[in-house]
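Geometric and topological summary
One-letter residues, chain by chain:
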Amino acid sequence: MKKITLNLMTRGLSVSAILLFQIMLAKWLSSSDYGTFVLLQVICVGLATLAQAGMNNVYTKLVASQKPHQSITELTKIVLNIMAKYTIVALLVYLCISLYLYSSEIVTDVIVLSSFLLSIPAQAFLLFIIGWYRARDLAHISSLIEQGATACLVLLICFYSKIYEATNIDLAYCAITFCIASFIIALLSSINWFKHLLQANYQGLVHSKLYIKTLSKHFLLTQLATYMATWSGVLVCGVFLSTNEAGELNFAQRISQVIVFFLAALNGVLAPRFAEMHATGRHQSLKALAQKSTKLLVATTLPVIVLIITLVEEVLPLFDLQFFLITHLLVVLMFGQTVNVFTGSVGLLLSMTGYENIQKNIVGFCSLLSIILVTLGTYYFGAIGAALAISITICIDNLVAAYYVYKKLGFWTIPMLQRL
């Protein structure tokens, strides 16, 4: 509980920084420029997820399950070598996307496109470092640096420039600042990890290279599919509708994700414990932890849902966004996230207990379904159709994963079904 409480505090700071970052961008930039920024940010973070090659979860699982005397030096070498290859692929993919966006006149600023290109390696390394801190049972640090620290640093730089230097905060300035902040946070967050590697003694590789590569592929496909299922709406709206509508959908999604604030904070603490309990055969302890954590999650999240519904009408009119559209988008997206909360950490359970292949297949199917539904929904109904498609996909993803947790591990995480 101490770990969870500490992680909740730092996660709260991170989520607050991300929301404030989105709010200030919406006020500083025009609707079109804000939409362009979030479209490129979604692309950048998605390709950073590709570049880290699934090592976020691989590192968490393998380091957490190793014995204290075993060195991770050789494991780290293999991990970074795999990441380097995937990073090159991610950069090439981004270049192709940039050419399309520039030729289609969706984004015509070369400086903006270049800034997000340079951000990809830094964001990929940050994702990897987050896995390291989770494995070391320092989830509160991983929560702090998971985009929140970058957003906070961007805000500080922009506020200083606007107040003391009277700088005009435009799209290019925000993109450059985001790139610089990404590298600074990546550098600072790697100090603890680098010190540990210097002190570690090489004692051989505990896991085979083939096993590491296999895990990498499973986790990478799962993470990419999850990301696409979540953010495909912003991408489709940005390309087929307008960057304005992409920005509005992004804004609604950021607010709706406050609902899963406690889920994300719990997952950071639970991931290494699930892996360790499974590795040591403590099945009953694993079951008890999973079911109690879901009950705690539901109890703490319900007041947040009520708070969002109460405050949304007071907050949204402050920004230059379509109030009624954002409200309807938010209601639709909140339904999917509520189901996400009530099923608990089902995806994490499958990934940390040897069923990562099942989780990969579930998320892969839902990602494909999301792209199809989002495309059809956007074509026929606009942004609200994209939001509905995202919400439906989230529900299917979590309910199917909850069923497979029951089928493979023998228990339900959903509070209403735990007695079965």
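Shown above is the structure to which this text applies.
Residues numbered from 1 in each chain as written. Predicted model: local features only at pLDDT ≥ 70, side-chain atom pairs only at ≥ 80, totals over all residues. Heavy atoms only, no water.

Observations concerning the environment of Leu 215
Heads up, the rule is: By the criteria applied, helices consist of DSSP H or I runs no shorter than four residues and strands consist of E runs no shorter than two, each listed in order from the N terminus. Each residue's exposure class comes from its accessible area (1.4 Å probe, protein chains only) as a fraction of the maximum for that residue type: buried when under 20%, exposed when over 50%, partly exposed otherwise. Should any heavy atoms of two residues lie within 4.5 Å, those residues are counted as being in contact.
Relative to the helices and strands, Leu 215 resides in helix α10 (residues 209-241). Among the residues examined, Leu 215 registers a relative accessible area of 1% and is labelled buried. Sequence spacing of Leu 215 and Val 239 is 24 residues, and the spatial spacing of their C-alpha atoms is 33 Å. Not counting residues within four places of it along the chain, the set of residues in contact with Leu 215 comprises Val 58, Lys 61, Leu 62 and Glu 356.

Here's the deal with the packing of α10 against helix α16 (residues 356-381)
Note the threshold: Convention adopted: a line fitted to C-alpha atoms gives each axis, helices being fitted over their contacting stretch, and angles between N-to-C directions are expressed from 0 to 180 degrees. Angle categories: roughly parallel below 35 degrees, roughly antiparallel above 145, roughly perpendicular from 65 to 115, and oblique for all the rest. Throughout, the ten residues Ala, Val, Leu, Ile, Met, Phe, Trp, Tyr, Cys and Pro are labelled nonpolar, Asp, Glu, Lys and Arg are labelled charged, and all others, Gly among them, are labelled polar.
Where α10 contacts α16, the axes come no closer than 8 Å and their chain directions differ by 10°. Considered as vectors, α10 and α16 are oriented roughly parallel to each other. Considering only residue class, the contact of α10 with α16 consists of 13 nonpolar, 12 polar and 2 charged.

Focus: the packing of aromatic side chains
Counted only if it meets this: Centres within 6.5 Å are what make two rings of Phe, Tyr or Trp a pair, Trp counting through its six-membered ring; a difference in plane orientation under 30 degrees is then read as stacked, over 60 as edge-to-face, and the rest as tilted.
Summed over all chains, the structure comprises 13 aromatic pairs. Pairing Phe 21 with Phe 37 gives two aromatic rings, centres 5.9 Å apart and planes at 70°, and the pair type is edge-to-face. You can see Phe 21 sitting in helix α1 (residues 2-28) and its partner Phe 37 sitting in helix α2 (residues 31-51), a full 16 residues away along the chain. The class of Phe 21 is buried, set by a relative accessible area of 2%. With a relative accessible area of 0%, Phe 37 lands in the buried category. For the ring pair Phe 37 and Phe 178, a centre distance of 6.0 Å and an interplane angle of 85° mean the geometry is edge-to-face. Taken together, the residues Phe 37 in helix α2 and Phe 178 in helix α8 (residues 171-189) connect sequence positions 141 residues apart.

Describing the side chain of Gln 123
Note on placement: Gln 123 falls in helix α5 (residues 110-135). A relative accessible area of 5% means that Gln 123 is categorised as buried.

Observations regarding the pattern of salt bridges
It is possible for side chains of opposite charge to pair when their charged atoms get near one another. What counts, and what does not: When a carboxyl oxygen of Asp or Glu is within 4 Å of a side-chain nitrogen of Lys or Arg, the pair counts as a salt bridge.
Applying the stated criterion across every chain yields a total of 1 salt bridge. When the shortest N-O distance is used, the salt bridge between Arg 282 and Glu 276 registers 2.8 Å. You can call Glu 276 partly exposed: its relative accessible area is 29%.

Quick word on α8
Count 3.6 residues to each turn of an α-helix, and residues three or four apart come out pointing the same way. This is how the line gets drawn: A helix is expected to reach a length of 1.5 Å times the quantity of its residues less one.
With 19 residues, α8 should reach 27 Å at 1.5 Å per residue; the first-to-last C-alpha distance of 27 Å fits that figure. Along α8, the positions that sit buried rather than exposed are Leu 171, Ala 172, Cys 174, Ala 175, Thr 177, Phe 178, Cys 179, Ala 181, Ser 182, Ile 185, Ala 186 and Ser 189.

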